[in-house]
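Listed below, chain by chain, are the residues.
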Amino acid sequence: MQPTKQWALLAIAAVCAALAWIVIKFTFADLAPLPWTAVPALILLAIGEFGFGRNLAQRLHGPPDGRPGAKPIQPMAIPRVVALAKASSAAAAAIGGLAFGFLVYTIPLLDKPVPGHDALAAAATMLAALALVLAALYLERACRAPEPPEDEDSDDQPSANGQRGRRS
């Protein structure tokens, strides 16, 4: 599985922002005010994924003997967590793009009460989505395999004369 590319997340956000702006341009008068419910949900998800990533990073990349008393990580858990992180970052990029498109449309209308409220809600949603993207990328990075220790005295290493085996 390849690491999530930042340009891919930006592309998702840009497409969603453009689509949101186009749809809102034609339907804004018929829409209800933008709710604030997405903001706490996105922030709670970001906090959870950041905490999970921090815990996982300590267990995978901590001292060689691991954290004292920590349960070992199941081998199939890591790909599942990576899939969660990739899905979360893509979904948050889409939500953030939609909020940005809404924000761009409502900024010129800030002097009116309803568009002003919608602009604030869109800005808060966009920032919360950005926090979730960052937390998901951190979680994905925490799942990377640790670097193998460099063993200087390995018998499989080629010697100075190019032959394998014990050095004399």
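Our structure is the block above this text.
Quick caveat, the model's predicted, so the values are computed rather than measured.

1. What to know about the overall build of the protein chain
Phase 1: The helix and strand inventory of the protein chain stands at 4 helices and 0 strands.
Phase 2: Each helix and strand of the protein chain, ordered N terminal to C terminal, gives the series α-α-α-α.
Phase 3: Counting every position in the protein chain, which comprises 168 residues, the buried fraction comes to 30%.
Phase 4: Here the contacts in the protein chain between residues at least 6 apart in sequence split such that 77% fall between residues at least 24 apart.
Phase 5: For the protein chain, the accessible surface area stands at approximately 11200 Å², while carbon and sulfur atoms represent 66% of it.

2. Considerations on the environment of Leu139
Phase 1: For Leu139, the location among the structural elements is in helix H4 (residues 113-142).
Phase 2: Taking the relative accessible area as the measure of exposure, Leu139 reaches 0% and is therefore buried.
Phase 3: On a C-alpha basis, the gap between Leu139 and Arg54 in space is 7.5 Å, while along the polypeptide they are 85 residues apart.
Phase 4: If we ignore the near neighbours within four places in the chain, the residues touching Leu139 are Glu49, Phe52, Gly53, Leu56, Val81, Leu84 and Ala85.

3. Section: the side chain of Ser89
Phase 1: Its place among the elements puts Ser89 in helix H3 (residues 77-106).
Phase 2: There is a polar contact of 3.0 Å between the side chain of Ser89 and the backbone oxygen of Lys86.
Phase 3: Other than its neighbours up to four places away in sequence, Ser89 contacts Thr4, Leu9, Val133 and Ala136.

4. Description of the packing of helix H2 (residues 38-61) against H4
Phase 1: Their axes nearest at 8 Å, the elements H2 and H4 cross at an angle of 15 degrees. The orientation of H2 relative to H4 falls into the category roughly parallel. H4 is crossed by H2, and the crossing has left-handed handedness.
Phase 2: Grouping the amino acids of the contact of H2 with H4 by side-chain chemistry returns 22 nonpolar, 3 polar and 2 charged.

5. Here we look at the packing of aromatic side chains
Phase 1: Enumeration over the complete set of coordinates arrives at 3 aromatic pairs.
Phase 2: Here Phe28 and Tyr105 contribute two aromatic rings whose centre-to-centre distance is 5.4 Å and whose plane-to-plane angle is 50 degrees, an arrangement assigned as tilted. Of this pair, Phe28 sits in the loop between helix H1 (6-27) and H2 while Tyr105 sits in helix H3; the two residues are 77 residues apart in sequence, bridging distant segments of the chain.
Phase 3: Here a set of aromatic residues connected by ring pairs shows up, and it is made of Phe28, Phe102 and Tyr105.

6. Concerning the pattern of salt bridges
Phase 1: One pass over the full model with this rule turns up 1 salt bridge.
Phase 2: Glu140 is the partner of Lys86 in a salt bridge, and the nearest nitrogen-oxygen pair spans 3.9 Å. You can see Lys86 sitting in helix H3 and its partner Glu140 sitting in helix H4, a full 54 residues away along the chain.

7. Some details on the nonpolar core
Phase 1: Ranked by size, the top nonpolar core spans 12 residues in total: Leu9, Val39, Leu42, Ala46, Ala92, Ala93, Ala124, Ala128, Ala129, Leu132, Val133 and Ala135.
Phase 2: Of all elements in the fold, only H2, H3 and H4 reach the threshold of two or more residues within this core.
Phase 3: Residue contributions to this core peak at 6 residues, all from H4.
Phase 4: Not counting chain neighbours up to four residues away, the residues in contact with Ala93 comprise Leu9, Ile12, Ala13 and Val133.

Rules of the game
Residues numbered from 1 in each chain as written. Predicted model: local features only at pLDDT ≥ 70, side-chain atom pairs only at ≥ 80, totals over all residues. Heavy atoms only, no water. Helix = DSSP H or I, 4+ residues; strand = E, 2+ residues; numbered from the N terminus. Buried < 20%, exposed > 50% of the residue type's maximum accessible area, 1.4 Å probe, protein only. Contact = heavy atoms within 4.5 Å. Areas by Shrake-Rupley, 256 points an atom, 1.4 Å probe, with all protein chains shown as cover. Polar contact = N/O pair within 3.5 Å; in protein donor to acceptor, adjacent residues only side chain to side chain. Axes fitted to C-alpha atoms, helices over the stretch in contact; angles between N-to-C directions. Parallel < 35°, antiparallel > 145°, perpendicular 65-115°, else oblique. Left-handed = near helix turned anticlockwise from the far one by under 90°. Nonpolar A, V, L, I, M, F, W, Y, C, P; charged D, E, K, R; others polar. Phe/Tyr/Trp six-rings, centres within 6.5 Å; stacked < 30°, edge-to-face > 60°. Salt bridge = Lys/Arg side-chain N within 4 Å of Asp/Glu carboxyl O. Core = buried A, V, L, I, M, F, W, Y, C linked by side-chain atoms within 4.5 Å.

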